[in-house]
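# Topology and contacts: notes
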Amino acid sequence: MDFTTLLIVAYFALLAITLRKRWGVIDGPWLFYFRAFFPNWKFYHGINPAPRLYVRGQTESGDWSDWGLVYPRLPRQVRHLLHNPAVNLALTHQNLVDHLANDINDMPEGADIRERVTYQLVSQLARQALEGGSWGDQAMLASIPVGRLSAYQFEVRMELPGSPSSERMLQSPVLRPWN
């Protein structure tokens, strides 16, 4: 048996062992630094409500905009099969919102979600969306508040795809752009 065949057999043996054994959850504060490298694979478990990020902004005149979805579906194009940086960035942002939703569910009683890195990153993402951020040539929000932003809020809502109803999971306090 040559070395390549031996490696292939060892790979499939290791794969069979890992599929049969239940591994515990690996958790620790140091894992938060590596989360950007690992996608959230929970979407394979079935069609369940998914976390969505909504934002609204307040102009200097004190008027609040309507809540807007930060991750609208981007139009598909044939060229996206080979090169798709805008949608990849949008999916990375949605993955961050998924991680925040998981952090909310895993929080111990009495803990403050605002101390988590995912909360702080989603807060910056919300601000970026309200300030006119885009994924390539696609705006992150359908409509951006007119005027200079004096405050903003974001919500994480659980929505079932294709359903008009949603359940609020988290609403941030009123945040200032310079915070």
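Quick summary incoming for the structure in this document. (Residues numbered from 1 in each chain as written. Predicted model: local features only at pLDDT ≥ 70, side-chain atom pairs only at ≥ 80, totals over all residues. Heavy atoms only, no water.)

Bringing the overall build of the chain into the picture now. From N to C terminus, the chain includes three helices and six strands. Reading the helices (α) and strands (β) of the chain from amino to carboxyl end gives α-β-β-α-α-β-β-β-β. In the chain, 62% of the contacts between residues at least 6 apart in sequence involve partners at least 24 apart. Looking at the chain as shown, the accessible area adds up to about 12600 Å², and 58% of this sits on carbon and sulfur atoms. (Helix = DSSP H or I, 4+ residues; strand = E, 2+ residues; numbered from the N terminus. Contact = heavy atoms within 4.5 Å. Areas by Shrake-Rupley, 256 points an atom, 1.4 Å probe, with all protein chains shown as cover.)

Going through the model one piece at a time under the given rule, you end up with six salt bridges. A salt bridge links arginine 148 to glutamate 60, with the shortest nitrogen-to-oxygen separation between them at 3.2 Å. Here arginine 148 is found in the loop between strand 4 (138-139) and strand 5 (149-159), whereas its partner glutamate 60 is found in the loop between strand 1 (50-59) and strand 2 (68-69), with 88 residues between them in sequence. Comparing arginine 148 with glutamate 60 shows no difference in burial state: the two are exposed. Between glutamate 131 and arginine 127 there is a salt bridge, with its nearest N and O atoms 3.6 Å apart. Judged by its relative accessible area of 47%, glutamate 131 falls in the partly exposed class. Salt bridges here are not isolated pairs; linked through shared partners, they connect Glu155, Arg157 and Arg168. (Salt bridge = Lys/Arg side-chain N within 4 Å of Asp/Glu carboxyl O. Buried < 20%, exposed > 50% of the residue type's maximum accessible area, 1.4 Å probe, protein only.)

Next up on the list: the pairing of strand 6 (residues 166-171). Note that strand 5 and strand 6 share five bridges and pair antiparallel. Residue glutamate 155 lies in a different strand from strand 6, and its bridge partner there is glutamine 171. Count of turn residues in the strand 5/strand 6 antiparallel hairpin: six residues, of which glycine 162 carries a positive phi of about 85 degrees. (Pairing = 2+ DSSP bridges.)

So, on to the packing of aromatic side chains. Counted according to the given criterion, the structure contains two aromatic pairs. Taking 5.2 Å as the distance between ring centres and 75 degrees as the angle between the ring planes, the aromatic pair formed by tyrosine 11 and phenylalanine 12 counts as edge-to-face. What makes phenylalanine 12 exposed here is its relative accessible area of 51%. Their ring planes at 50 degrees and their centres at 5.4 Å tell us that tyrosine 119 and phenylalanine 154 sit as a pair that is tilted. Placement of the pair is tyrosine 119 in helix 3 (residues 117-130) and phenylalanine 154 in strand 5, with a sequence separation of 35 residues. Overall, the relative accessible area of 5% leaves tyrosine 119 in the buried class. Its relative accessible area of 0% is what places phenylalanine 154 among the buried residues. Positioned above the aromatic ring of tryptophan 64, the side-chain terminus of arginine 56 is 4.2 Å from the ring centre. (Phe/Tyr/Trp six-rings, centres within 6.5 Å; stacked < 30°, edge-to-face > 60°. Lys NZ or Arg CZ within 6 Å of the ring centre and 35° of its normal.)

The topology assignment puts isoleucine 104 in helix 2 (residues 85-106). Isoleucine 104 sits 66 residues away from leucine 170 along the chain, and the two C-alpha atoms are 8.2 Å apart. For isoleucine 104, the contacting residues outside a window of four places in its chain are Ile113, Met169 and Leu170.

The subject of this paragraph is the nonpolar core. Counting 26 residues, the largest nonpolar core has Leu53, Val55, Val70, Leu100 and Phe154 as its most contacted members. Taken together, the elements giving at least two residues each to this core come down to strand 1, helix 2, helix 3 and strand 5. Top element by residues in this core is helix 3. It accounts for six residues. Among residues more than four places away in sequence, those in contact with valine 70 are Leu53, Val55, Ala129, Trp135, Met140 and Leu141. (Core = buried A, V, L, I, M, F, W, Y, C linked by side-chain atoms within 4.5 Å.)

We now examine a nonpolar patch on the surface. On the surface, Ile8, Tyr11, Phe12, Leu15 and Leu19 cluster together into a nonpolar patch covering about 540 Å² of accessible area. The topology assignment puts tyrosine 11 in helix 1 (residues 3-20). (Patch = residues over 30% accessible without salt bridge, like charges linked within 9 Å, V, L, I, M, F, W, Y side chains within 5 Å.)

Purely spatial values, then, with no claim about function.
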